Amino acid sequence: MTDDARAGRHPVALVAGASSGIGAAVARRLAARGSAVALVGRREPELKEVAESIRAAGGTALSLALDLAEAGAPAEAVAATAAGLGPVGLLVCSAGAIRLAAVHETEERHWERQLRVNLTVPFLLAREVLPGMRERGFGWVVNIGSGVGSEVVPGSGGYGVSKHAVHRLTELIHEENRDLGIRAVTVAPGWVSTRLAARPADLGVPDEEVLDAEDIADTVAWLLDRPARMSVGPLVRVEPSASRAAAGDAMTRHLTRSRAEGARHLTRSRAEGAGPDTKETP
């Protein structure tokens with residue numbers, strides 16, 4: 001371990017959901033700052049691409065293809081990181097699942113999956129890393145939340161509920177560990193252009209008015225650079241400046257548009273003598 005790592009300036013990082021989007025951007029930024037980074041996610045080819053890009057830039061990356069929603073996977077990820085890179089000093093939870101629907105339209109399996117991925121996985125990962133952080137007197141827990149978790153957005157369903165709950169989880173971790181050299185923060189973005197979000201063009205919003213993954217990576221890096229005497233958060237919201245790019249409004253318009261398209265498709269299918277199609281967001 002380097003002197004910087006001992007001093008806590010470049011701790012070993014574990015990034016959950018690092019195969020694309022915000023997680024990949026944060027992982028690259030942490031590696032560029034000097035952290036050895038464990039990349040965890042389900043999509044092995046994409047994880048390897050991110051890891052290779054980090055190594056090509058002179059950084060250190062360990063790729064761990066795991067479905068963190070599976071029993072035992074969070075503990076396995078932390079143990080593999082410790083074995084390959086050293087004990088985790090910085091945990092970033094960016095893995096996410098989203099399925100928009102009104103409460104009465106939400107299927108139990110979609111509800112359970114979102115709560116598992118968005119809330120239980122961050123809890124399990126934090127539970128694994130916190131004892132070591134407390135013993136060493138240093139650590140960071142950064143959860144990627146959502147602006148929707150701070151608002152009541154009709155149709156946000158299990159996603160909105162789980163993100164609201166992860167905000168409280170972060171607050172608990174913060175209060176329980178703040179006097180032990182550990183800081184916990186939720187970075188709660190508004191509309192970010194990723195594969196999980198609506199396309200700006202579909203809702204009549206210019207691409208440049210929506211946040212991108214690098215904006216969130218910048219925010220995480222800024223937080224890590226704050227002096228030890230300073231506490232920021234534990235909830236930090238990052239929103240687009242333009243009101244028409246507000247996350248809650250965009251989510252409502254996206255859901256309305258999807259329902260209208262689904263109704264048109266159903267009418268057309270029945271007119272052609274076919275049964276209604278079902279479509280699930282991956």
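In short, a report on the structure. Here the structure is a predicted model, which is why all the values come from computation and not from measurement.

Comments concerning the overall build of the protein
Alright, step 1. On a plain count of helices and strands, the protein comes out with eight helices and seven strands.
Alright, step 2. The buried share of the protein, taken over its 282 residues, is 46%.
Alright, step 3. Across the protein, every contact between residues at least 6 apart in sequence was considered, and the portion connecting residues at least 24 apart equals 70%.
Alright, step 4. Roughly 13900 Å² of accessible area belongs to the protein as shown, and the carbon and sulfur atoms make up 51% of that amount.

Observations concerning the sheet that holds strand 4 (residues 90–93)
Consider a sheet: its strands pair through backbone hydrogen bonds, and that pairing is either parallel or antiparallel.
Alright, step 1. The seven strands are arranged 3-2-1-4-5-6-7 in an open sheet whose pairing can be described as parallel. The outermost strands of the open sheet, each flanked by one partner alone, are strand 3 (61–65) and strand 7 (235–238). Strand-to-strand, the axes of this sheet are offset by a mean angle of 15°, without reference to chain direction.
Alright, step 2. Packed onto the sheet, helix 7 (residues 213–224) meets strand 4, strand 5 (139–144), strand 6 (182–189) and strand 7 and runs at close to 155° relative to strand 6.

Observations regarding the nonpolar core
Alright, step 1. Residues L30, L39 and V187 are the most contacted members of the largest nonpolar core, which totals 34 residues.
Alright, step 2. It is helix 2 (residues 21–33) that provides the largest number of residues to this core, a total of seven residues.

Digging into the packing of helix 4 (residues 73–84) against helix 5 (residues 108–136)
Alright, step 1. At their nearest, the axes of helix 4 and helix 5 sit 9 Å apart, and the two run at 40° to each other. Considering the angle they form, helix 4 stands oblique to helix 5. Crossing geometry of helix 4 relative to helix 5 is assigned as right-handed. Contacts between helix 4 and helix 5 pair P74, A75 and V78 from the former with L124, L125, E128 and V129 from the latter.

With respect to the pairing of strand 7
Each regular strand shows side chains that alternate between the opposite faces of the sheet.
Alright, step 1. Alternating residues of strand 7 divide into V236 and V238, all buried, and L235 and R237, none buried.
Alright, step 2. Here strand 6 runs beside strand 7; their pairing, made up of four bridges, is parallel. Note on strand 7: the bridge partner recorded for V187 is V236.

Focus on the pattern of salt bridges
Alright, step 1. Here the structure, examined in full by the defined rule, presents twelve salt bridges.
Alright, step 2. Of the charged contacts, one joins D67 and R113 as a salt bridge, the two residues approaching to 3.7 Å between their closest N and O atoms. Separated by 46 residues along the polypeptide, D67 in the loop between strand 3 and helix 4 and R113 in helix 5 bring together distant segments of the chain.
Alright, step 3. Assessed through its relative accessible area of 21%, D67 is described here as partly exposed.
Alright, step 4. Residues R244 and E209 are paired through a salt bridge, measuring 2.6 Å at the closest nitrogen-oxygen approach. Taken together, the residues R244 in the loop between strand 7 and helix 8 (247–271) and E209 in the loop between strand 6 and helix 7 connect sequence positions 35 residues apart.
Alright, step 5. Overall, the relative accessible area of 42% leaves R244 in the partly exposed class.
Alright, step 6. According to the relative accessible area criterion, E209 is partly exposed, its value standing at 22%.

Section: the environment of L203
Alright, step 1. Take L203: it is sitting in the loop between strand 6 and helix 7.
Alright, step 2. Residues L203 and R244 lie 41 residues apart in sequence; the distance between their C-alpha atoms is 9.4 Å.

Description of the pairing of strand 6
Alright, step 1. Strand 6 sits mainly inside the fold: eight of its eight residues count as buried.
Alright, step 2. What you see with strand 6 is no split at all: I182, A184, T186 and A188 on one side and R183, V185, V187 and P189 on the other are buried throughout.
Alright, step 3. Two elements, strand 5 and strand 6, share six bridges in a ladder whose sense is parallel. Counterpart to I144 in the pairing with strand 6 is V187.

Quick notes on helix 3 (residues 44–56)
Given 3.6 residues per turn, any residue in an α-helix points the same way as the ones three and four places further on.
Alright, step 1. In this model, helix 3 (13 residues) spans 18 Å end to end at C-alpha, consistent with the 18 Å of a helix rising 1.5 Å per residue.
Alright, step 2. Among all positions in helix 3, only L47, V50, A51 and I54 are buried. Seen along its axis, helix 3 keeps its buried residues to an arc of 100°; they face one direction. Along helix 3, exposed side chains directed more than 90 degrees from the buried face belong to P45, E49 and A56.
Alright, step 3. Buried positions along helix 3 lie against helix 2, strand 2 (37–41) and strand 3.

So, unusual backbone geometry
Alright, step 1. Of note, the amide linkage connecting G233 to P234 takes the cis form, showing an omega dihedral of 10°.
Alright, step 2. Here P234 is to be found in the loop between helix 7 and strand 7.

The rules we used
- Residues numbered from 1 in each chain as written.
- Predicted model: local features only at pLDDT ≥ 70, side-chain atom pairs only at ≥ 80, totals over all residues.
- Heavy atoms only, no water.
- Helix = DSSP H or I, 4+ residues; strand = E, 2+ residues; numbered from the N terminus.
- Buried < 20%, exposed > 50% of the residue type's maximum accessible area, 1.4 Å probe, protein only.
- Contact = heavy atoms within 4.5 Å.
- Areas by Shrake-Rupley, 256 points an atom, 1.4 Å probe, with all protein chains shown as cover.
- Pairing = 2+ DSSP bridges.
- Axes fitted to C-alpha atoms, helices over the stretch in contact; angles between N-to-C directions.
- Core = buried A, V, L, I, M, F, W, Y, C linked by side-chain atoms within 4.5 Å.
- Parallel < 35°, antiparallel > 145°, perpendicular 65-115°, else oblique.
- Left-handed = near helix turned anticlockwise from the far one by under 90°.
- Salt bridge = Lys/Arg side-chain N within 4 Å of Asp/Glu carboxyl O.
- Expected span 1.5 Å × (residues − 1).
- Arc of directions from axis to C-beta.

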